[in-house]
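Notes for the structure review
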Amino acid sequence: MLHTYDGIVVGRREIGENSCFIDILTDERGIIEATAHGAKKINSSLLSSASLFAYSTFCLSKNKLRYTVNSAKPKYSFHAIGEDIVKLALASYFAQAVKFCTTSEQRQDASAQGSDSIVRFFAIALFELLGAAERTDDAPARTLETVRAAFELRYSSMLGYRPDLTACFNCGCYEPQDGGSMFFLPDRGELVCSECFNREYDGECEKLSPETLSAMRNIIYAPLERCFKINIGGETERRLSRLTERYFLRRTERSFSALDYYKTFDK
Ligand SMILES: [Zn+2]
């Protein structure tokens, strides 16, 4: 029986000289492990589609519990990620994250993933990562750290850990009043304004600058194709990526070796 899925290769293990197992991220069946016979041969039709981060339409045959790649039609190539070691490290972290958080071969629960397509989200993340610019002092172009922050927060949201950033949870104000501030309470996933903030609150709290709050709202509430479109830099960017990292790692309750590796680079 043949099955056709659009998907992105998020893992690859070599078998012998010519073949490999690939993990394909799909919307319909989560992660599918499939054998790509002969994919390493230079004249193989699967050569590009079986490479890491290839985005293709895969035609798979299933025999008992095993999938085999029958054919594949490339949709987009993220091959260039491999040419930059920092980008590759960040993309590997994204891949580890979705592999850990997406169930294998389970039909995805639409409510758990929201209405966003995980494949589309992952493709957009790779696209933004590929186009991320070097940080310069005078031009806060989108950097890898911004892409990472947007990935962590939006993906947390897609996994069902969407913080409520619409307004102060107590008084409902959208902006802080009288020059006050907004605080984010990561444990509760809520905002509180300085008027309503209880000084005896012993959970974690993070004071947000207006730029940080606006960036976080964009990441959470914008349509998928716009959720990475934030322009922040300098200290705001550093604070945002620290916050989103803690939020994501605490919600998923684990660490990722690829993230630790990515963080060893000076960005
Ligand atoms: Zn309030």
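What you are looking at is a predicted structure, and each value in this text was computed from that prediction instead of being measured. (Residues numbered from 1 in each chain as written. Predicted model: local features only at pLDDT ≥ 70, side-chain atom pairs only at ≥ 80, totals over all residues. Heavy atoms only, no water.)

1. A few points about the overall build of the chain
Counted only if it meets this: A run of H or I in DSSP counts as a helix once it spans at least four residues, and a run of E counts as a strand once it spans at least two, with each numbered from the N terminus. In this description the radius of gyration comes from C-alpha coordinates, and the expected globular size is given by 2.2 Å times residues to the power 0.38. Each residue gets one of three labels from its accessible area relative to the maximum for its type: buried under 20%, exposed over 50%, partly exposed in between, using a 1.4 Å probe on protein chains only. The contact criterion used throughout is that any non-hydrogen atoms of two residues lie within 4.5 Å. Shrake-Rupley sampling with a 1.4 Å probe provides the accessible areas, and residues are treated as covered by the protein chains on show and by no other component. In this tally, Asp and Glu contribute negative charge and Lys and Arg positive charge; neither His nor the terminal groups of the chain are included. Taken as the charge centre is NZ of Lys, CZ of Arg, CG of Asp or CD of Glu, depending on the residue.
Each helix and strand counted, the chain has 6 helices and 9 strands in total. Relative to a compact globule of 267 residues, whose C-alpha radius of gyration would be 18 Å, the chain shows 20 Å and is just as compact. Referenced to the eigenvectors of the C-alpha coordinate spread, the extents of the chain come out at roughly 65 × 40 × 30 Å. A total of 267 residues make up the chain; the buried ones form 48% of that total. Across the chain, every contact between residues at least 6 apart in sequence was considered, and the portion connecting residues at least 24 apart equals 64%. Here the chain has roughly 13200 Å² of accessible surface; of this, 49% comes from carbon and sulfur atoms. For the chain, the distance from the average position of its 34 positive side-chain charges to the average position of its 36 negative side-chain charges is 6 Å.

2. Describing the environment of Arg-142
Structurally, Arg-142 is set in the loop between α2 (118-131) and α3 (144-158). Residues Arg-142 and Ala-258, 116 residues apart in the sequence, show an inter-C-alpha distance of 21 Å. Excluding residues within four positions of it along the chain, Arg-142 makes contact with Glu-128, Ala-132, Ala-133, Val-147, Phe-228, Lys-229, Ile-230 and Asn-231.

3. A word on the nonpolar core
The condition is simple: What is meant by a nonpolar core is a set of buried Ala, Val, Leu, Ile, Met, Phe, Trp, Tyr and Cys residues, joined one to another through side-chain atoms within 4.5 Å. Domain start and stop points were drawn from an automatic or database domain assignment.
Judged by nonpolar contacts, the single largest core of 69 residues is most densely connected at Tyr-93, Phe-94, Phe-121, Phe-122, Phe-151, Tyr-155 and Phe-228. Here this core takes 10 residues from helix α1 (residues 85-101), the largest share from any one element. Composition of this core by domain shows at least three residues from each of domain 1 (2-76) and domain 2 (84-262). With sequence-adjacent residues up to four places away left out, Phe-228 is seen in contact with Phe-121, Ile-124, Ala-125, Glu-128, Arg-142, Val-147, Ala-150 and Phe-151.

4. A word on the pairing of strand β2 (residues 19-26)
Our working rule: Strands were regarded as paired on the criterion that DSSP finds at least two bridges between them.
The element β2 is largely enclosed, with a buried count of 7 among its 8 residues. Judged from the 8 bridges that link them, strand β1 (residues 2-15) and β2 form a sheet pairing that is antiparallel. Directly across from Gly-7, in β2, lies its bridge partner Thr-26. Hairpin connection, β1 to β2: the antiparallel pair is bridged by 3 residues, and Gly-16 has positive phi, about 60°. A loop of 3 residues connects β2 with strand β3 (residues 30-36), the two strands running antiparallel in sequence.

5. Digging into the domain arrangement of the chain
Put simply, the rule is: Once two parts are joined, some of their accessible surface, as seen by a 1.4 Å probe, is lost; buried area is that loss totalled over both. One speaks of a salt bridge when a side-chain nitrogen belonging to Lys or Arg is within 4 Å of a carboxyl oxygen belonging to Asp or Glu. The definition of a polar contact used here is a pair of N or O atoms within 3.5 Å, where within protein one atom must be able to donate a hydrogen and the other to accept one, and adjacent residues in sequence count solely through side-chain atom pairs.
Per the domain assignment, the segments of the chain are domain 1 (2-76) and domain 2 (84-262). A straight line from the C-alpha centre of domain 1 to that of domain 2 covers 30 Å. The largest per-residue losses of area from domain 1 upon contact with domain 2 belong to Asp-27, Arg-29 and Phe-53, which jointly make up 34% of the total buried on that side. Inspection of the domain 1/domain 2 interface yields 1 salt bridge. Where Asp-23 meets Lys-99, a salt bridge forms, and the shortest distance between an N and an O atom there is 3.7 Å. Summed over the shared surface of domain 1 and domain 2, the result is 3 residue pairs in polar contact (both at pLDDT 80 or more). Looking at the side of domain 1 that touches domain 2, the elements with two or more residues in it are β1, β2, β3, β4 (55-63) and β5 (66-76).

6. Focus: the packing of aromatic side chains
The line we're drawing: Working definition: a ring pair exists when centres of Phe, Tyr or Trp rings (six-membered ring for Trp) sit within 6.5 Å. Plane angles under 30 degrees give stacked, over 60 give edge-to-face, the rest tilted.
Applying the stated rule across the entire model yields 16 aromatic pairs. Relative to Phe-151, the ring of Phe-121 lies with its centre 5.3 Å away and its plane at 25°, an arrangement referred to as stacked. Remark: Phe-151 occurs in helix α3 and Phe-121 occurs in helix α2; sequence separation between them is 30 residues. Note on Phe-121: relative accessible area 0%, which makes it buried. Look at Phe-151 and you get buried, because its relative accessible area is 0%. An angle of 10° between the planes, with centres 4.6 Å apart, marks the rings of Phe-183 and Phe-197 as stacked. Taken together, the residues span a long stretch of sequence, with Phe-183 in strand β7 (residues 182-185) and Phe-197 in the loop between β8 (190-193) and β9 (206-208) at a distance of 14 residues. Among the residues examined, Phe-197 registers a relative accessible area of 12% and is labelled buried.

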